[in-house]
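# An overview of the molecular structure
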Amino acid sequence: LGVQSPGLHNRAIYAAFKFTEFVVYNNIIRTSFLLGLCEWGDRIGRSKADRQLFEHTASDLRRHLQYGVEHVKQYALSSPAHRGHIMTWLDRGEIMYGSDFDRDKPLREAYILALGDTVVEGKARLKELRESQLKRYIQALEACTIRGHEENIAAPLRAAVDNP
């Protein structure tokens, strides 16, 4: 009672064998989605202090994302074989992150309540948020020289975005 599982995505991070694998999970996937959330701080924050917290957190996350992008980009460009590793890590991370979105109903319900005045409005805005987060993630991948990945997003993550 009262103990929450660390989540599948966190388990993937803990199980990373290489530093670059860790960076893909943490600095690319997770940070892209958290940054997408923080960039919505003006819509979510109820007070000036809340909005400032989102703004400052977003600033830090941009720095983390930039580090991840540069690291993965250098890794990808250093050897053609590395792209296969990156794609494997992206698939694994996307599956785990999407599965966590699906399993965490209390968080999804909290987003719905925070984003809209009604449940219907909250669900619609959550879908907008997820689409914005996915767009931020795709932009990060393109900056890493991984282009055209939008059509290859893992099914659990795509489902979490399309049907939050």
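Residues numbered from 1 in each chain as written. Predicted model: local features only at pLDDT ≥ 70, side-chain atom pairs only at ≥ 80, totals over all residues. Heavy atoms only, no water.

## A look at the nonpolar core
Stated precisely, the cut-off is as follows: Residues belong to a common nonpolar core when they are buried Ala, Val, Leu, Ile, Met, Phe, Trp, Tyr or Cys residues joined through side-chain atoms within 4.5 Å. For the exposure calls, accessible area comes from a 1.4 Å probe over protein chains only, and a residue counts as buried if that area is under 20% of its type's maximum, exposed if over 50%, partly exposed in between. Numbered from the N terminus, helices here are DSSP runs of H or I no shorter than four residues, and strands are runs of E no shorter than two.
One finds Ile 28, Val 72, Ile 86, Leu 90 and Tyr 137 to be the most contacted residues of the largest nonpolar core, which totals 33 residues. Sorting the residues of this core by element identifies helix H1 (8–14), helix H2 (19–38), helix H4 (48–78), helix H5 (80–103), helix H7 (119–143) and helix H8 (155–162) as the ones contributing at least two each. Ranked by the residues each element gives to this core, the list is headed by H2, at eight residues.

## Things to note about the confidence of the model for the chain
Operational definition: Per-residue confidence from the predictor is reported as pLDDT, which spans 0 to 100.
Of the residues in the chain, 97% have a pLDDT of 70 or more, and the chain-wide mean is 92. Ranking the elements of the chain by mean pLDDT puts H1 last with 85 and H4 first with 96.

## Comments concerning the side chain of Thr 31
Selection criterion: Only heavy atoms enter the contact rule, under which two residues are in contact if any of them lie within 4.5 Å.
Mapped onto the fold, Thr 31 is located in helix H2. The exposure class of Thr 31 is buried, given its relative accessible area of 5%. If we ignore the near neighbours within four places in the chain, the residues touching Thr 31 are Asn 26, Leu 61, His 64 and Leu 65.

## Quick look at unusual backbone geometry
The phi angle at Thr 145 is positive, at roughly 75 degrees, despite the residue not being glycine. Mapped onto the elements, Thr 145 comes out in the loop between H7 and H8.

## Quick word on the pattern of salt bridges
For clarity, the threshold we go by: Salt bridges are defined by distance alone: a side-chain nitrogen of Lys or Arg within 4 Å of a carboxyl oxygen of Asp or Glu.
This model, assessed by the stated rule, comprises six salt bridges. One salt bridge connects Glu 21 with Arg 92, and the closest N-O pair in it is separated by 2.9 Å. Here Glu 21 is found in helix H2, whereas its partner Arg 92 is found in helix H5, with 71 residues between them in sequence. Glu 21 sits in the buried class, given a relative accessible area of 3%. The structure contains a network of salt bridges with shared partners spanning Glu 39, Arg 62 and Arg 136.

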